[in-house]
Amino acid sequence: MSAATYDVVAIGNAIVDVLSKADDAFIAQEGLVKNTMQLLFSTEAAEALYAKMAPGIEVSGGSAANTVAGIAALGGKCGFIGQVADDQLGKVFSHDIRAQGVTFTTTARTEADPTTARCLILITPDGHRTMNTYLGASQFLPAAALDREMIAAGAILYLEGYLWDPEEPRAAMREAIRIAREAGRKVAFTLSDTFCISRHRDDFLKLIADGDIDILFANEAEILSLTLLDDFDKAVAQVAAKLPVLVCTRSEHGAIAVKDGERFTVPAQPVDAVVDTTGAGDLFAAGFLAGQAQGRSVEASLTMGAVCAAEIISHVGARPQVDLKALIARAL
C-alpha cells in the first residue's frame, strides 16, 4: 500500500450556504418548522424564499465540505468531490472551497438546470437554525466525475449520508468505497439526519454489516433511529459491536466514542453563548478525523472535535473565525 498524500477525501453535497438572521414570527409566517431541515424542490421555490430573507452571508457549505474545510484549518491536506453547475453560485462554491486549502477538481455541469445547490439558513436569536435546502446540481454527481486517484491517495474517505438519497451519487459513493478499499484506505460515514436513516436504514445497516465503514458518526437521535431503540446506551452497544469505531455526539452532554469495545467520553467545551449551531456536527467530525490522521488517541480526537464544535456554535456560519490549532493546543 502506497503512502497517503491526503489525510481525508470527502464526497458530499456541494452547496452554497446563505445564512441570515430571522425571528420566530418569520419562521411561522413561512410555514417552516423551527430547527429542522426541509427540502425545496425547485429553483423557483428557493429563489422565492431567498427574496424574503434579510441580508446574509454566502459561503461554500454542505456537510462534508464543512468537515474538510475544518480539517484544512487544522493543517490537514484534504480533497472534496461534489457537483456544482456552471453558474454564479457554482463559481462561489468552487472559489471558496479552494480558498480554504481544499483540493476540488470536479468539473461543473454545463446544463442550465438544475442550478447549483443552496441552503437557506434562518438563524433565530436563540442560535437555532432552520434550514431550507435546494439540492439542485449536487444530486447529479456521477461515478464518472470521481477523482479516482485522489480517492486512492486519501488515508480516509469520508462520505455524507445526505448524498445517499439520490440514485446517481449513491452509486458514485459505492464506487468510491470500492476504490478506497482496493487502495487499503479507511472509510468514514456520517448518518447526517434521521430522515436519511428513515429512507435508507437497510442500506446503512448493510454497509456496517459488510464491513464497509471503519468510522461511523451519529448524533443521539440518529443512533436511536438507526437501531429503532429508545435507549441510547443500548443503541450504542448494538452498533459499536459491528464497527471498528463509533462516534456519537450529544450536544451539551459532550460526545462518546467506542473503539474495539472500549468506550471514551468527553464533555462539551464551554461557550459564552450559542449563536448558531450550523455546522456543529460537521466541525466535530473535522476535529476527530484530524486527530486520527495525526495519530492521536481516541480521547484526544474527541476533545479536538468538541473544541471545533464549540468554536463554530459561538458565531454565525460553519467556518472557523479563530485559529483552531491554537484552541486545540490549549485544550490538549
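Details of the structure are given in the entry above.
Since we're looking at a predicted model, the values are computed, not measured.

Calculation notes
Residues numbered from 1 in each chain as written. Predicted model: local features only at pLDDT ≥ 70, side-chain atom pairs only at ≥ 80, totals over all residues. Heavy atoms only, no water. Pairing = 2+ DSSP bridges. Helix = DSSP H or I, 4+ residues; strand = E, 2+ residues; numbered from the N terminus. Axes fitted to C-alpha atoms, helices over the stretch in contact; angles between N-to-C directions. Contact = heavy atoms within 4.5 Å. Salt bridge = Lys/Arg side-chain N within 4 Å of Asp/Glu carboxyl O. Buried < 20%, exposed > 50% of the residue type's maximum accessible area, 1.4 Å probe, protein only. Arc of directions from axis to C-beta.

(A) Structural context of the sheet that holds strand β4 (residues 57-61). A sheet is described by the order of its strands in space; here five strands give the open sequence β3-β8-β7-β2-β4, paired in mixed fashion. Pairing within the sheet leaves two strands with one partner each, and these edge strands are β3 (37-40) and β4. Each neighbouring strand pair of the sheet contributes to a mean axis angle of 25°, computed without reference to strand direction. The pairing of β3 with strand β8 (residues 129-134) spans four bridges and is classified as parallel. Paired with Leu39 across the strands is Thr133, a residue of β8. Contacts between helix α4 (residues 88-99) and the sheet are confined to β2 (15-21), β4 and β7 (117-123), with β4 contributing the most and set at about 70° to the helix.

(B) Structural context of the pattern of salt bridges. Counting across every chain of the model gives 14 salt bridges. Between Asp165 and Arg199 there is a salt bridge, with the nearest N and O atoms lying 2.6 Å from each other. Of this pair, Asp165 sits in the loop between β9 (154-160) and α6 (167-182) while Arg199 sits in helix α7 (residues 194-209), placing them 34 residues apart in sequence. Note that Arg178 and Glu182 form a salt bridge whose closest N and O atoms lie 2.7 Å from each other. Of this pair, Arg178 and Glu182 both sit in helix α6, four residues apart, which is roughly one turn of the helix. The exposure class assigned to Glu182 is exposed, which follows from its relative accessible area of 62%.

(C) Structural view of the pairing of strand β14 (residues 262-266). The sheet contact formed by strand β13 (residues 255-259) and β14 spans five bridges and is antiparallel. Its bridge partner being in β14, Ala257 is matched across the sheet by Phe264. Between the end of β13 and the start of β14, which pair antiparallel, lie two residues, with Asp260 showing a positive phi angle near 50°.

(D) Structural context of helix α2 (residues 43-52). What α2 keeps buried is the set Thr43, Ala46 and Leu49. The buried residues of α2 occupy an angular sector of 135° when projected down its axis, which confines them to one face. Facing away from the buried side of α2, by more than 90 degrees, are the exposed residues Glu44 and Ala51. On its buried face, α2 is in contact with α1 (24-29), β3, β7 and β8.

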